[in-house]
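Observations on the three-dimensional arrangement
Single-letter residue listing:
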Amino acid sequence: MTAMDPGPKRARRWHIAVFLAPAVLVYTAIMIFPLFATLFQSLFTRVEGQQVFVGLRNFTTLFGDPRWSASFWNALWNNTWFFIVHMLVQNPIGILLAAILSNPRLRFRGFYRTAIFIPTILSFVIVGFVWKLILSPLWGIAPSMLDMVGLRFLFGPWLGQETTALTTLALISVWQFVGIPMMLIYAALLSIPDEVIEAAECDGITGWSQFWKIQLPLVLPTIGIISILTFVGNFNAFDLVYVSQGAQAGPNYGTDLLGTFLYRTFFGFQLQLGDPNMGATIASVMFFIILIGVSIYLFLIQTRLRRYQF
Amino acid sequence: MQTARASLPRAAAAHAVLLAYTLIALFPVFVIVINAFKERRAIFNSPLALPGPETFSTIGFETVMSQGNFLLYFQNSFIVTLVSLFCVLLFGAMAAFALSEYKFRGNLLMGLYLALGIMIPIRLGTVAILQLMVATGLVNTLTALILVYTAQGLPLAIFILSEFMRTVSDDLKNAGRVDGLSEYRIFFTLVLPLVRPAMATVAVFTMIPIWNDLWFPLILAPAESTKTVTLGAQVFIGQFVTNWNAVLAALTLAIIPVLVLYLIFSRQLIRGITAGAVK
């Protein structure tokens, strides 16, 4: 690593503290402290204006009490499905686009890369409303476009039906974020040395078999990182559902994710009052879900992936 | 020359796939922007047509300008984004310098502590963040948002910048020390200019989520005077949901600045992603 301070030995190197202080202070005060304060609050409940310690009872309420558990398991399952759709659609499309783009002889690469990444920089508010308008039966862009290819009969109010709303939202989110796996895999593919590819070509491995046998195994660590980023992002999602379906996550809570469930519980909605302690409980459950996911990735997956040093 | 013969149909197929996906990516944005410049009847009768001399209208933008405080929202967004960005870059670079330059007890532990925030989203602490802001009287101020976004951006900034700072030559820094420069001068005058490309990358990555965030403006600063563009557009569209001209114009106004920024910075962004992964 770096060389030691060659100057005269100072008893205390205050400058280290000065360099670290602003970042550590802001980070600790605004991020770490509230995070643990939130975890802590999930162990309390409010009785007549007083915080009373109740241990893990908020969690048993959340998982078992019929008033809470139905919403919680519904949100958890919806969130899982949201994640599955991303893994099955977003990442394969991202890999496919990156594989095509990484061909050095392809022209207009910069144009395609820039254009396909555009949805990713737009805010959820824009994305949510844009798709709401386009899929709206009122405006009729989607049905008339389906009509052009003779598939009019497929059209339905996708965002309004309980059976299709969640998948539609997940696909909208995929549309928005496909640029991220594409870029990361594209970068990983570019870092494979030419000699490896040339050696494969000498052995007669070209085209798709080259992709499957040579390139894909080499970018597996990147696919691992993308999966965990997708996981954290999905189990933390809120904006898209809030913008397009409202805090109620309609129809009939069909698109309720843990994020919207947390928002409604914390702030209340319509006649139900907000409950900070139950909100903290849901946030804690989300914290542990993300922690488990990240740990599985770090300790089980990442250590088993072979990394190749070039 | 087998590859040369096979390459023509394959290149055509590659372009077909990429072009198809580019259409999917851009079409929704395109439809919104062209319809924002049309009169109401044309929006419904021929949604896919470009605005012509007969159908051109800016009535939507006039409604947005007279009914919404979009100039104020833009100003708020700019202040929040720029100040947070400045704090993230300055504090992040300072901490990254301390971690990559000096050996001290707890260096590794401090690095891990600061990296925790890369994986755990700051949103999960919202309950306590709101209470903190209420207790300090910062609710409905831009300061609250700036503090939150600074904390949110720091972990990744420190992580990326310390990787880059390790590559700055030791000889240069030691020469500065021999000349009697203080550690602060070494950081500000020697190291910072050398990591500028990395700072630009971090800036782009930090900026986009701050500009686009809805959660914290909604919770910490929902007052009219502190609304950001993202929240302002969301509320405005919710109120004017039946006025299609106004909705489309508001969406267009929200899209254009980000799009322009992206086109300016896109090379930096793409280079940053590629450099980070190649490393």
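Our subject in this report is the structure included herewith. Since the structure is predicted, the reported quantities are computational estimates derived from the model, not experimental observations. (Residues numbered from 1 in each chain as written. Chains lettered and ligands numbered in written order. Predicted model: local features only at pLDDT ≥ 70, side-chain atom pairs only at ≥ 80, totals over all residues. Heavy atoms only, no water.)

1. Let's talk about a negative patch on the surface
Taken together, the side chains of Asp-194, Glu-195, Glu-198 and Glu-201 of chain A define an acidic patch exposed on the protein surface. Mapping Glu-195 of chain A onto the fold places it in helix H9 (residues 194–202). (Patch = residues over 30% accessible without salt bridge, like charges linked within 9 Å, V, L, I, M, F, W, Y side chains within 5 Å. Areas by Shrake-Rupley, 256 points an atom, 1.4 Å probe, with all protein chains shown as cover. Salt bridge = Lys/Arg side-chain N within 4 Å of Asp/Glu carboxyl O. Lys, Arg positive; Asp, Glu negative; His and termini not counted. Charge placed at Lys NZ, Arg CZ, Asp CG, Glu CD. Helix = DSSP H or I, 4+ residues; strand = E, 2+ residues; numbered from the N terminus.)

2. Here's the deal with the interface of chain B and chain A
The extent of an interface is frequently quoted as the accessible surface area lost upon association of the parts. Opposite the 94 residues of chain B that make contact, chain A presents 92 residues. Taking both partners together, chain B and chain A bury about 8,700 Å²; carbon and sulfur atoms supply 80% of that area. Taken together, the connections running from chain B to chain A amount to one salt bridge. Counting across the interface, chain B meets chain A through 14 residue pairs in polar contact (both at pLDDT 80 or more). Here the side of chain B that touches chain A is composed, by residue class, of 70 nonpolar, 15 polar and nine charged. (Contact = heavy atoms within 4.5 Å. Buried area = accessible area lost by both parts, 1.4 Å probe. Polar contact = N/O pair within 3.5 Å; in protein donor to acceptor, adjacent residues only side chain to side chain. Nonpolar A, V, L, I, M, F, W, Y, C, P; charged D, E, K, R; others polar.)

3. Details of a nonpolar patch on the surface
Residue and element names in this part refer to chain A. Residues Phe-288, Leu-291, Ile-292, Ile-296, Leu-298, Phe-299, Leu-300 and Ile-301 make up a contiguous nonpolar surface patch of roughly 730 Å² in combined accessible area. Here Ile-296 lies in helix H13 (residues 276–301). A relative accessible area of 40% means that Ile-296 is categorised as partly exposed. (Buried < 20%, exposed > 50% of the residue type's maximum accessible area, 1.4 Å probe, protein only.)

4. Things to note about the nonpolar core
Counting 192 residues, the largest nonpolar core has Trp-139 of chain A together with Val-148, Phe-216, Leu-220 and Leu-251 of chain B as its most contacted members. Taken domain by domain, the makeup of this core includes at least three residues from each of domain 1 (2–57) and domain 2 (70–229 + 253–278) of chain B. Among all residues touching Leu-251 of chain B, those that are not within four sequence positions of it are Val-125, Ile-126, Phe-129, Val-130 and Leu-133 of chain A together with Ile-32 and Ile-237 of chain B. (Core = buried A, V, L, I, M, F, W, Y, C linked by side-chain atoms within 4.5 Å. Domains from an automatic or database assignment.)

5. Some remarks on empty space enclosed by the protein
Within this structure, the stated rule accounts for three cavities of 30 Å³ or more. If you add up the space inside the largest cavity, you get close to 110 Å³. Ile-121 of chain A together with Val-204, Met-207, Ile-208, Trp-211, Val-258, Leu-261, Tyr-262 and Phe-265 of chain B together form the lining of the largest cavity. The set of elements that each furnish at least two residues to the lining of the largest cavity consists of helix H10 (196–212) and helix H13 (244–278) of chain B. Within the lining of the largest cavity, the residues separate by chemical class into nine nonpolar, no polar and no charged. Its volume calculated, the second largest cavity comes out at about 50 Å³. Lining the second largest cavity are Ser-77, Val-80, Thr-81, Tyr-149, Ile-210, Trp-211, Asp-213, Pro-217 and Thr-228 of chain B. (1 Å grid on protein atoms, 1.4 Å probe; cavity = no way out; pocket = protein on both sides within 12 Å on 5 of 7 lines; lining within 4 Å. Points joined across faces, edges and corners; volume = space filled by probe spheres on them.)

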